[in-house]
Every structure is written in structure tokens, then in C-alpha cells.
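Geometric and topological summary
Okay, here's what each chain looks like letter by letter:
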Amino acid sequence: MNDNITPYKDSQLGKKEQVTQMFDTISGNYDDLNRVISFGIDVKWRKKVLQLVAEKKPETILDIATGTGDLAILMANTNASKIIGLDISAGMLEIGKKKIADRNLNNRIEMVLGDSEKIPFEDNYFDAITVGFGIRNFENLELGLSEILRVLKPNGRFVILETSVPTKFPFKQGYYIHTKFILPLIGKLFSKDKTAYSYLSESASHFPFGEALNNILRKVGFIDVKHMPQTFGVATIYSASKK
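So, here's what we can say about the structure. (Residues numbered from 1 in each chain as written. Predicted model: local features only at pLDDT ≥ 70, side-chain atom pairs only at ≥ 80, totals over all residues. Heavy atoms only, no water.)

1. Regarding helix H5 (residues 90–102)
Because the α-helix completes a turn every 3.6 residues, residues three or four places apart line up on one side. Counted at 1.5 Å a residue, the expected span for H5 with its 13 residues is 18 Å, and the 19 Å between its end C-alpha atoms agrees. Among the residues making up H5, those that are buried are Met-92, Leu-93, Gly-96, Lys-99 and Ile-100. Down the axis, H5 shows its buried residues gathered within 120° of arc, on one side only. Exposed and oriented more than 90 degrees from the buried face of H5 are Lys-98 and Asp-102. Residue Asn-104 follows H5 closely and has a positive phi angle near 55°. (Helix = DSSP H or I, 4+ residues; strand = E, 2+ residues; numbered from the N terminus. Expected span 1.5 Å × (residues − 1). Buried < 20%, exposed > 50% of the residue type's maximum accessible area, 1.4 Å probe, protein only. Arc of directions from axis to C-beta.)

2. Considerations on the nonpolar core
In this structure, Ile-148, Phe-158 and Phe-222 are the most contacted members of the largest nonpolar core, which totals 29 residues. Take this core: its biggest share by element is 5 residues, from helix H6 (residues 141–151). Excluding anything up to four places from it in sequence, Ile-148 contacts Ile-64, Ile-119, Ile-129, Val-131, Phe-138, Phe-158 and Phe-222. With 25 residues, the next largest nonpolar core counts Leu-50, Leu-71, Leu-74 and Ala-80 among its residues. (Core = buried A, V, L, I, M, F, W, Y, C linked by side-chain atoms within 4.5 Å. Contact = heavy atoms within 4.5 Å.)

3. Quick look at the packing of H6 against helix H9 (residues 211–220)
Think of two packed helices as two axes; the pair is described by the angle between the axes and how far apart they sit. Contact pair H6 / H9: the axes reach a minimum separation of 9 Å and the direction vectors enclose 55°. Overall, the two elements H6 and H9 adopt an arrangement that is oblique. Considering the relative orientation of H6 and H9, their crossing is right-handed. Contacts from Leu-141, Glu-142, Leu-145, Ser-146 and Leu-149 of H6 reach H9 at Leu-213, Ile-216, Leu-217, Lys-219 and Val-220. By residue class, the composition of the contact of H6 with H9 is 7 nonpolar, 1 polar and 2 charged. (Axes fitted to C-alpha atoms, helices over the stretch in contact; angles between N-to-C directions. Parallel < 35°, antiparallel > 145°, perpendicular 65-115°, else oblique. Left-handed = near helix turned anticlockwise from the far one by under 90°. Nonpolar A, V, L, I, M, F, W, Y, C, P; charged D, E, K, R; others polar.)

4. Looking at the environment of Ile-135
Secondary-structure assignment places Ile-135 in the loop between strand S4 (126–132) and H6. Counting along the chain gives 23 residues from Ile-135 to Val-112, while the straight-line C-alpha distance between them is 17 Å. Look past the residues within four positions of Ile-135 in its chain and what remains in contact with it is Leu-141, Ile-160, Glu-162, Phe-207 and Leu-213.

5. Looking at H6
Every buried residue of H6 is listed here: Leu-141, Gly-144, Leu-145, Glu-147, Ile-148, Leu-149 and Val-151. Residue Asn-140 occupies the N-cap position of H6, its side-chain oxygen lying 3.4 Å from the main-chain nitrogen of Glu-142. (Polar contact = N/O pair within 3.5 Å; in protein donor to acceptor, adjacent residues only side chain to side chain.)

What follows is the structure, given as C-alpha cells:
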């Protein structure tokens, strides 16, 4: 578990406040840097998340830790009439709102400033919930997952896209080099926040993945839990449901 890994080692703020500060700072070039760092492969992963969500024919979708709204915008390819993007970073949301307006999606997608551990919606509200590269930033993982379970409708679908660590040679060694050296270097060269991408790589390498995360989902109360490694295991898609 990586609850104690925070963006700013010397800060007196809690993880949640530090993560908010970090994403507000890097929001301006976050999208561009992400495309460079992932070589654009993350677009393919998100499309697989879309397929899993679309299978349920949802009317209402919540995208948690939505950032600048990439996954929420992609969900507009479903027939959902209401899509909510939730994030604690106002800076990221502002960029997301502009992207939504540019695509004339204001009537279907709403960006909401809010906390994943105190989701501002009633029980059994959403047909589908997604989180793309966000759950490792939760201050309290089980609390956040419990909140997601609360607002998900029975038989609804919860889909996570998150980084994971390859376990086979040579992908494990290549992943280590990429996250330990290349990713932080790119962050230092191009980001306003020189420590942000060091935190993102460190949190990714320490976060539970595969069956370890499946077990946490089951502990919280999710059913039909399964995971699907992507691109040699550098990312994993998780799917779960509610009784």
C-alpha cells in the first residue's frame, strides 16, 4: 500500500491536500506530458474501458479523479444522458470544462469539484463508475472504494484503469528504468512542479495491483471482480460489480 507516499516529503499537509496542490500546479501541461510519457498507448487502454462500460448501456456515469476529463469525454460515446466528472483539483477541472465546451458536450457532461472519499451523490445513483489512473492518489483507498460502492447501483459496473508493474523479463527491467529515471527526468524538464512526476512514478510502483487489488475490492464488498493486464503489464484494467 502506498498511503504514506506523498508528492512533497517536507509538507505538513495531508496526502489529499498535497495531491490537490500538485495537480493544480501541473494541470496546464498534464495532457501533453502524459501522451509523451505513455507513448500514446493510454488512449488504447481508455477505449477498452469504454467498451466495458458501454456493455451495460448506462444512463448515468461517474468518472472519479477525472482530471482534465479525457475518460469522461470518451464516455460520451455511450448512450448515457448524464456523465459526471469528479475531481479534487480545480485547475484540472477548468481545463476539462474547456475541452467539453469545445466538443459541445456541456449538455451531457458536468465537471464537479469533489472528494472521492465523500462523493456528493446519493446511494445507488450511477449505472457505471470509472477511475482512470486515480485510485493510487486516494488518501484512504478502502474508504474511497466503499464510497464508490455506495453510489453504484446494484448490478452496476465499476471499471478501474491503473498502472501496474510488469513481472516478466525484460518488461520488468524496462519498466523500472522508465519509471525510475525517464519519467522523473521528463517531469523535471517540462513540468512546473519538479517533484510531481517523481511522486507519480513512485506511487505507481508501490500500489497494489492484480490479485492484491482484486482482494481489496472484494473486501470492500464488490463482486464479479476480475483484472486484465495491458501492454505487458504496465497497466491493468479492473472490472467489478455490486450485489
